[in-house]
Amino acid sequence: MPSSEPTSASIHEWDALTQAAAVRSGQVSPVELVDHYLDRIAASDDALGAFVTVTADAARKQARAAERRVRERPDELPPLFGVPTAIKDLVGTAGVTSSFGSRAFRDFVPAVDAHSVALLRAAGTISLGKTNTPEFGLNAYTDTDIARSARTPWDLSRSAGGSSGGAAAAVAAGLVPFAHGSDGGGSLRIPASACGVFGLKPSRGRVSSGPLGVDVTGLPVQGPIARTVRDAAAMLDALAVPMPGDAYWAQPLPAGETFLGWAGREPGRMRIARYADPGSTDFTLAPECRDAYEDAAALLIALGHEVVEIANPLGPELAEPFFTTWAVQSLSWPVPPEREPLLRPLTRWWRERGRATSADQFLGALSTLQLLARRAVTSTQEFDAVLTPTLAMPPQTPEWFFGEGPQADRRGPDFEAELARQTAFSPYTGIWNATGQPAASLPLWWTAEGLPIGVTLAGRPAGEGPLLSLCAQIEAARPWRDRWPAEQVRA
């Protein structure tokens, strides 16, 4: 922990665990932390679009209560006590507008918390509000009708990615030290790469989607975005509490172990597979992303690991069942018929595609996904981890996703073409949602223009512990936590 007194210019440069230690020691108070970050949000978020709702009054009230608890019971504080965070606006927060990125839910205020929200509060964190997400989390970019477009602080003309784009932008710009997110097809890892932070998609069943979340497909899971591996591990410890009635349960850690503890272990020599084939001849890996991938492989070898080239475990056959499942899953949001016109055109297109899918087609898609996932897990079971690029391209502008460029078709939106652009941008992420394996995006590379490029490491099923050990070893060898975007966002 820093030995000097915190200043307004340095508090946000401390990681979450350092801030928690400073609260326990009395070096900084929860009120100071909350006020510091709220000031940063007020100064920077108009440009970033990271937040859709800021709960300043509630955060300050919770911080004052936390301050009293520090004075009265300093030896009984949970591990993340007093540290600010933010909740992705795709899960419900009791008493706070939870719009799920949609005008159709713009006035919806849940009566109960999602389990993840309650667990983070029980761990001592203080939410500053809800972070920006595309409507129902359906897209690889974060642009909505209820908030500003979320931008990467490394280049404010470019998207923060999606669907946890607001969370990643907030962490990258120092508006919170870590943030809650979720991932159904890359939604933690895509924005982590675009914003130059660490994003971890946990294993299927590691984090409860209850009490109201329904998970038919097994694709989505909630998890952390952070500046450091240890912070992400500490948030995962808070979130990874099995709840009665959950449809999926990941194998828990042995008694006495924590994910934070795993992040402090040496991983030993690992056997790591790698592939860069995006799975279709329609997709091209950008040179900057290939450079990042090759550099990461060289770093792993230099750290003593064995790196083995393999073929893409799944080729183009993943796309059709995945998108069929995605279309049906878009209907899990119960929109009253009279409010359907409030949805964005692309969302309505997904839902119309879902309604047009027969029961036979949906069950066939789910069955195919499971068979493909089984094949992928079996073909990589001899390896401790798998290395791939996170994205096939550097961060793009929102207009690129829409097709609003010089070659755009001005006759109207072409949703198939937009889906093709999103898939070409992110062809590597969906496989780990299909298999349910944990996967992390690590910010190890920046382009000559200063844009972050992530690489992905996927672990064994339910293997977050060894994966976090490996990621922490890489972070120690190639630190990124002190790399910040432009001064106009950082200051």
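Each residue is numbered by its place in its chain's sequence as written, counting from 1. Residues qualify for local features only when their pLDDT is at least 70, as the model is predicted, and side-chain atom pairs are given and counted only at 80 or more; totals for whole chains, interfaces and linings, by contrast, use all residues. Hydrogens and water molecules were not included; the side-chain quantities draw on all heavy atoms of the structure.

The next subject is the pattern of salt bridges. We define a salt bridge as a contact between a side-chain nitrogen of Lys or Arg and a carboxyl oxygen of Asp or Glu at a distance within 4 Å. For the structure shown, the criterion picks out 24 salt bridges. Between Arg73 and Glu76 there is a salt bridge whose closest N-O contact spans 3.8 Å. The class of Arg73 is partly exposed, set by a relative accessible area of 39%. The class for Glu76 is partly exposed, based on a relative accessible area of 48%. Glu382 is the salt-bridge partner of Arg271, the closest N and O atoms lying 2.4 Å from each other. Relative accessibility decides the category of a residue: with a 1.4 Å probe and only protein chains considered, values under 20% of the type maximum give buried, values over 50% give exposed, and everything between is partly exposed.

Glycine aside, the phi torsion of most residues is negative, and most peptide linkages are trans. With omega at 10°, the peptide bond leading from Gly162 into Ser163 counts as cis. Per the convention used, a helix needs a DSSP run of H or I reaching at least four residues, while a strand needs a run of E reaching at least two, with both numbered from the N terminus. Relative to the helices and strands, Ser163 resides in the loop between β3 (126-131) and α5 (165-172). Although it is not a glycine, Phe100 adopts a positive phi angle of roughly 55°. Locating Phe100 in the fold gives a position in the loop between β2 (84-88) and α4 (115-122). Given a relative accessible area of 8%, Phe100 falls into the buried group. Unusually for a residue other than glycine, Ala462 sits at a positive phi of about 60°. Checked against the element boundaries, Ala462 lands in the loop between β11 (452-459) and α16 (464-477). The class of Ala462 is partly exposed, set by a relative accessible area of 29%.

This paragraph deals with the sheet that holds β2. Strand pairing in a sheet relies on backbone hydrogen bonds, with the paired strands running either antiparallel or parallel. Strand pairing is assigned whenever DSSP detects at least two bridges linking the two strands. The strand order β1-β3-β2 describes an open sheet built from 3 strands, whose pairing is mixed. Every interior strand has two partners, whereas the edge strands, β1 (51-54) and β2, have only one. Mean inter-strand twist for the sheet, computed between neighbouring axes without regard to direction, equals 35°. Where β1 and β3 come together, 3 bridges link them in antiparallel fashion. Residue pairing across strands places Phe51 opposite Thr131, the latter belonging to β3. Convention adopted: a line fitted to C-alpha atoms gives each axis, helices being fitted over their contacting stretch, and angles between N-to-C directions are expressed from 0 to 180 degrees.

Here we come to the nonpolar core. Ranked by size, the top nonpolar core spans 102 residues in total, and within it Phe198, Trp350, Leu387, Leu442 and Leu457 carry the most contacts. The biggest single contributor to this core is helix α7 (residues 229-239), with 8 residues. A contact between two residues is defined here by any heavy atoms of the two lying within 4.5 Å. In this structure Leu457 touches Ile272, Leu300, Ala385, Val386, Leu387, Pro438, Ala439, Ala440, Leu442, Leu467, Leu470 and Ile474, once residues within four positions along its chain are discounted. In these notes, a set of buried Ala, Val, Leu, Ile, Met, Phe, Trp, Tyr and Cys residues joined through side-chain atoms within 4.5 Å is what counts as a nonpolar core.

Per residue, pLDDT measures the predictor's confidence, with a range of 0 to 100. Chain-level statistics for the protein give a pLDDT mean of 95 and a share of 96% at 70 or above. When the criterion is pLDDT under 50, residues 406-411 qualifies, and its contacts beyond four places in sequence or with other chains add up to 3 contacts.

With that settled, consider α7. Because each turn of an α-helix spans 3.6 residues, side chains separated by three or four positions end up pointing in the same direction. Extensive coverage of α7 is indicated by the burial of 9 of its 11 residues. Among the residues of α7, those classed as buried are Val229, Asp231, Ala232, Ala233, Ala234, Met235, Leu236, Ala238 and Leu239.

Time to look at the sheet that holds strand β9 (residues 385-389). Here 8 strands make up an open sheet; going across it, the order is β4-β6-β5-β10-β11-β9-β7-β8 and the pairing mixed. Strands at the two margins of the open sheet, each flanked by one partner only, are β4 (178-183) and β8 (306-309). Each neighbouring strand pair of the sheet contributes to a mean axis angle of 25°, computed without reference to strand direction. Alignment of strand β5 (residues 198-201) against strand β6 (residues 221-226), held across 2 bridges, turns out to be antiparallel. The residue of β6 that forms the bridge with Phe198 is Ala226. Seen against the sheet, α16 touches β5, β7 (271-274), β9, β10 (439-446) and β11 and runs at an angle of roughly 10° to β10.

This part covers the environment of Glu32. Residue placement: Glu32 occurs in helix α2 (residues 30-48). Residue classification places Glu32 among the partly exposed residues on the basis of a relative accessible area of 42%. Counting along the chain gives 158 residues from Glu32 to Ile190, while the straight-line C-alpha distance between them is 32 Å. In this structure the side chain of Glu32 is engaged in a polar contact, spanning 2.9 Å, whose partner is the backbone nitrogen of Ser29. In the analysis that follows, any N or O atom pair within 3.5 Å is treated as a polar contact, provided that within protein one partner can donate a hydrogen and the other can accept it, and provided that, for residues neighboring in sequence, both atoms belong to side chains.

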